[in-house]
Protein chains: 2
Amino acid sequence: MVDYTAFDSAQALEYVKNQTNFFAPEAELTCYEFGDGNLNLVFRVHDEQSNSVILKQALPYARCVGESWPLTLERARIEASVLVRHGEVCPQTTVKVLHRNDALAITVLEDLGHMQILRAQLCEGHTYTNLATDVADYLAKTSFYHSDFYLPPAQKKALVTEFTNPELCAITEDLFFDDPYRYSERNNYPDELQPQVTALQNNQAVKLAVAELKAKFLSCAQSLLHGDVHTGSIFVDQTNTKLIDPEFGFFGPIGFDLGSFIGNLLLNYCAQHKRITELPKRRDLHAYLLNTIQTCVAQFEQTWLHLAKTQSQDLSLQAEGYAERFINQVLRDAYGFCGTELIRRTIGLAHVADIEDIENPVARLEVQKQALLLGEQLILQAPHCNTKEDLSQLLISLLL
Amino acid sequence: MVDYTAFDSAQALEYVKNQTNFFAPEAELTCYEFGDGNLNLVFRVHDEQSNSVILKQALPYARCVGESWPLTLERARIEASVLVRHGEVCPQTTVKVLHRNDALAITVLEDLGHMQILRAQLCEGHTYTNLATDVADYLAKTSFYHSDFYLPPAQKKALVTEFTNPELCAITEDLFFDDPYRYSERNNYPDELQPQVTALQNNQAVKLAVAELKAKFLSCAQSLLHGDVHTGSIFVDQTNTKLIDPEFGFFGPIGFDLGSFIGNLLLNYCAQHKRITELPKRRDLHAYLLNTIQTCVAQFEQTWLHLAKTQSQDLSLQAEGYAERFINQVLRDAYGFCGTELIRRTIGLAHVADIEDIENPVARLEVQKQALLLGEQLILQAPHCNTKEDLSQLLISLLL
């Protein structure tokens, strides 16, 4: 057992050289740190032939606020373990874990440097044909195979304990469900948005619906979630999609991951109103984003129901029509969680580049207003939708 | 750390003498075993002045089937810990833990020998004025103070892990939600009931509603339940009510405990049709049982809502109207779980003396048919009730 120490590039290089065998002993290695996250160091180690791996190390504090916000190193164990479990059931869309050292909070991962981060690509107007079905496949398989439909109850209970993740969950509990709906020092929005924020914070119906969503997040251990499926956690190219960074993973409501993903696509959708000035091009991108959401939801539902019909182990949960009812509720939850993502990314602590990088403050404000309104209406109306078609109609009506 | 060994009376006496200080050193102690349960040894140790304590020791197997059904001793730790936690928030209705030894699976408890077991008393037609409000108080306080409304999320997550109880939960999962709805060797009912059982097992709507209930039992960690609130787990006299035996405790759906309690009152209600021949007396007892259920539900709701309004710690869950909505769902769940209790006690492995002790097989069969039908209708119709008044009306209409 080694004591934890935060690596510099030289130490990361030495570690990969001495503790792993990805490179030939005589290889001349280079290493640099390029993490842009707030919570981790990320090193790339490569040889002269451009063979490379990523060494990710959790920091014992949140980097964005100095060392003053301590954060458990346990999350490195959680992240690596989620990746291993998700990788077992959906290897094609989960970044591969090559080596782990929980004492040092280190995970060595395959290098996805030939791919791109989805958020940046969407901001630049690029589209990915397989994105919807790949993400749907990932979300359906990882959630089904860790649900009560599939796992023996005792095994699931052991996993719920293994993936208990209080510190990271607390971040979501606070930032998604609390801060935006009341005064908080952590909230972050321009003064011009105050009337909308005040109206939201006085909207009792919204707060009631958010309470329902938070209660599910707190107590509804349906499956092993990624916990942070935003477009910055997804690598893409024209053939592949890879999910990374599940350090927020825990057993929670299945709709949360799907909702986070849809929410980030909708944040981009709102931003494109001001990002793309040429109308045909904007229409195309809007159509792509909406189609991606609808395809992802439809494919998620279809794959889930297929797995439920062919792979369910629990006897009771195989009752006729139950999987359909279950997944309909998951979809309602997803659109609700999506609404909370839109709101917290607009007025809460953590924003998205899609909107933040709009330079004109008047244009940015308009986008923020739309995102806020869209989030609010999804939260309010999703619980009353019966089917994915209703949910899709709701979304379209809100985007028109 | 002592190795586990199952005690005989002499060992139980020696243990209490040497390891506790309830009795004076010179006291002459007597000890006898009187457990009638299936899973534990229960000793009474008393001195010449009739001072006494109970020493309960878990067996590493289910006694009713010999040593062939091994069962974790962990349940002694769970039981003692639930009693301690429930006792902290509702001391007046929780049996007091005087001493515990988890290695030996021993709990020493206050002796409630001056009180009676509720089931036997109800079977004999006795009534208890405070029963409804005492049980309501116990269920409301223990469930509120271990819910997301009150507990800090990290503390609750730690408790969910501490009270993970896979082996005992598996018994409930199988016996409540699986066995009665399909062929199982463990099912136990007279041949004459086969048409009703077949109809139940072919009723897809019932199986769908039971799937919903089982999914909640499996994944809805709302609060720290007792887990086995039948009328054999309740001591009564005319002034006090004491809950014992929470070895099935775990974090689950709050409605489960209330539903189990109501279910056992209704099993007695059905049985009284044939137990009491004098109509006025039967009417009185039926009225008492129905009134106990309605008072218990109303008082449970009222206490819960009062606690939610005055003691809630979570900011989001204090949204206007949320506690009401939450507890309405808990009540719907309770009536549904109540239905599963009626059914599993009629055709599953474990029956109740209320019905079993009816000697005339024709009379017993009629009672079984009523219990089965009542359970089925509660399961089917409870989810469509909006308020406790609707649920009460439903119950009355089914009992007429």
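Residues numbered from 1 in each chain as written. Chains lettered and ligands numbered in written order. Predicted model: local features only at pLDDT ≥ 70, side-chain atom pairs only at ≥ 80, totals over all residues. Heavy atoms only, no water.

## Here's the deal with the overall build of chain A
- Of the regular secondary structure elements, chain A holds 14 helices and ten strands.
- A compact globule built from 400 residues should have a C-alpha radius of gyration of about 21 Å, and chain A, at 21 Å, falls within 12% of that.
- On the principal axes, the C-alpha backbone points of chain A span a range of 60 × 55 × 40 Å.
- In chain A, the proportion of contacts linking residues at least 24 apart, taken out of those at least 6 apart, comes to 72%.
- A total accessible area of about 15,700 Å² is found for chain A, and carbon and sulfur atoms account for 50% of it. (Helix = DSSP H or I, 4+ residues; strand = E, 2+ residues; numbered from the N terminus. Rg over C-alpha atoms; globule rule 2.2 N^0.38 Å. Contact = heavy atoms within 4.5 Å. Areas by Shrake-Rupley, 256 points an atom, 1.4 Å probe, with all protein chains shown as cover.)

## Topic: the pattern of salt bridges
- Evaluation of the coordinates by the stated rule reveals 46 salt bridges over all chains.
- Among the ionic pairs, Arg344(A) bridges to Glu341(A), the shortest N-O distance being 3.0 Å. With Arg344(A) and Glu341(A) both in helix H11 (residues 322-347) and three residues apart, this pair spans about one turn of that helix.
- Taken together, the shared-partner salt bridges in this structure form one network comprising Asp178(A), Arg182(A), Lys214(A) and Asp314(B). (Salt bridge = Lys/Arg side-chain N within 4 Å of Asp/Glu carboxyl O.)

## Description of the interface of chain B and chain A
- Between chain B and chain A, the contact holds 34 residues from the first and 34 residues from the second.
- Among the ionic pairs, Lys214(A) bridges to Asp314(B), the shortest N-O distance being 2.6 Å.
- Those elements giving two or more residues to the side of chain B that touches chain A turn out to be helix H5 (153-162), helix H6 (166-178), helix H8 (204-219) and helix H11 (322-347) of chain B.
- Examining the composition of the side of chain B that touches chain A, we find that nine residues originate from one element, H8(B), more than from any other.
- Per-class residue counts for the side of chain B that touches chain A are 15 nonpolar, seven polar and twelve charged. (Nonpolar A, V, L, I, M, F, W, Y, C, P; charged D, E, K, R; others polar.)

## Focus: H11(B)
- For H11(B), with 26 residues, the first-to-last C-alpha span of 38 Å sits near the 38 Å given by 1.5 Å per residue.
- Among the 26 residues that make up H11(B), 23 are buried, leaving the element largely enclosed by the rest of the structure. (Expected span 1.5 Å × (residues − 1). Buried < 20%, exposed > 50% of the residue type's maximum accessible area, 1.4 Å probe, protein only.)

## Some remarks on the domain arrangement of chain A
Residue and element names in this part refer to chain A.
- Domain annotation for chain A reports domain 1 (9-110) and domain 2 (116-399).
- Here the C-alpha centroids of domain 1 and domain 2 sit 27 Å apart.
- Taken residue by residue, the interface counts 24 residues in domain 1 and 26 residues in domain 2.
- In total, about 2,300 Å² of surface goes out of reach between domain 1 and domain 2, with carbon and sulfur atoms giving 61% of it. (Domains from an automatic or database assignment. Buried area = accessible area lost by both parts, 1.4 Å probe.)

## Brief notes about the sheet that holds strand E8 (residues 234-236) of chain B
Residue and element names in this part refer to chain B.
- Read from one edge of the open sheet, three strands run E6-E8-E9, paired in antiparallel fashion. Either end of the sheet is taken by a strand with one partner, and the two such strands are strand E6 (116-117) and strand E9 (241-243).
- Pairing geometry for E8 and E9, over three bridges, is antiparallel. In the strand pairing of E9, Ile234 is matched with Leu243. (Pairing = 2+ DSSP bridges.)

## A short note on the packing of aromatic side chains
- In total, this model carries 40 aromatic pairs over all chains according to the counting rule given.
- Aromatic pair Phe149(B) and Phe326(B): ring centres 5.0 Å apart, planes at 65 degrees, arrangement edge-to-face. With Phe149(B) in the loop between helix H4 (131-144) and H5 and Phe326(B) in helix H11, this residue pair connects regions lying 177 residues apart in the sequence. The residues Phe149(B) and Phe326(B) share a single accessibility class, namely buried.
- Here Phe256(B) and Phe337(B) contribute two aromatic rings whose centre-to-centre distance is 5.3 Å and whose plane-to-plane angle is 80 degrees, an arrangement assigned as edge-to-face. One end of the pair, Phe256(B), is in helix H9 (residues 255-275); the other, Phe337(B), is in helix H11, and 81 residues separate them in sequence.
- Across from the ring centre of Phe34(A), 4.6 Å away, lies the NZ or CZ of Arg44(A), which sits over that ring. (Phe/Tyr/Trp six-rings, centres within 6.5 Å; stacked < 30°, edge-to-face > 60°. Lys NZ or Arg CZ within 6 Å of the ring centre and 35° of its normal.)

## Here's the deal with the packing of helix H9 (residues 255-275) of chain A against helix H13 (residues 361-381) of chain A
Residues and elements named next belong to chain A.
- Here H9 crosses H13 at 145 degrees, and the two axes come no closer than 9 Å. Read as a crossing pair, H9 and H13 show a hand that is right-handed. Judged by residue contacts, Leu266, Leu267, Cys270, Ala271, His273 and Lys274 of H9 engage Ala363, Glu366, Val367, Gln370, Ala371, Leu374 and Leu378 from H13.
- Per-class residue counts for the contact of H9 with H13 are nine nonpolar, two polar and two charged. (Axes fitted to C-alpha atoms, helices over the stretch in contact; angles between N-to-C directions. Left-handed = near helix turned anticlockwise from the far one by under 90°.)

## So, the sheet that holds strand E1 (residues 30-33) of chain B
Residue and element names in this part refer to chain B.
- Strand order in the open sheet formed by five strands is E1-E2-E3-E5-E4, and the pairing between neighbours is antiparallel. Unpaired on one side and paired on the other, E1 and strand E4 (97-101) mark the two borders of the sheet. Neighbour to neighbour, the strand axes of the sheet diverge by 20 degrees on average, direction disregarded.
- Bridging between E4 and strand E5 (residues 106-110) involves four bridges; their strand directions are antiparallel. Residue pairing across strands places Asn101 opposite Ile106, the latter belonging to E5.

## Focus on unusual backbone geometry
All names here are of chain A.
- Although it is not a glycine, Ser50 adopts a positive phi angle of roughly 65 degrees.
- Positionally, Ser50 belongs in the loop between strand E2 (40-46) and strand E3 (52-58).
- When its relative accessible area of 58% is taken as the criterion, Ser50 is described as exposed.

## Concerning the pairing of strand E5 (residues 106-110) of chain A
All names here are of chain A.
- In terms of burial, E5 is a largely internal element, four of the five residues being buried.
- In this structure, E3 lies alongside E5, joined through five bridges in antiparallel fashion. Bridge pairing in E5 places Lys56 opposite Thr107.
- Linkage of strand E4 (residues 97-101) to E5, two consecutive antiparallel strands, is achieved through a turn of four residues, within which Ala105 is found at a positive phi near 60 degrees.

## Overview of the UniProt feature "binding site: ATP" (unreviewed entry) in chain A
Residue and element names in this part refer to chain A.
- The UniProt feature table records "binding site: ATP" (unreviewed entry) at Asn40, Lys56, Glu110, Asp111, Leu112, Asp245, Pro246 and Glu247.
- Locating Asn40 in the fold gives a position in strand E2.
- Judged by its relative accessible area of 8%, Asn40 is buried.
- A distance of 3.4 Å separates a polar atom in the side chain of Asn40 from a polar atom in the side chain of Arg75.
- If we skip the residues at most four places from it in the chain, Leu112 touches Val95, Phe235, Lys242 and Ile244. (UniProt positions renumbered as here; feature names shortened; annotations may be inferred. Polar contact = N/O pair within 3.5 Å; in protein donor to acceptor, adjacent residues only side chain to side chain.)

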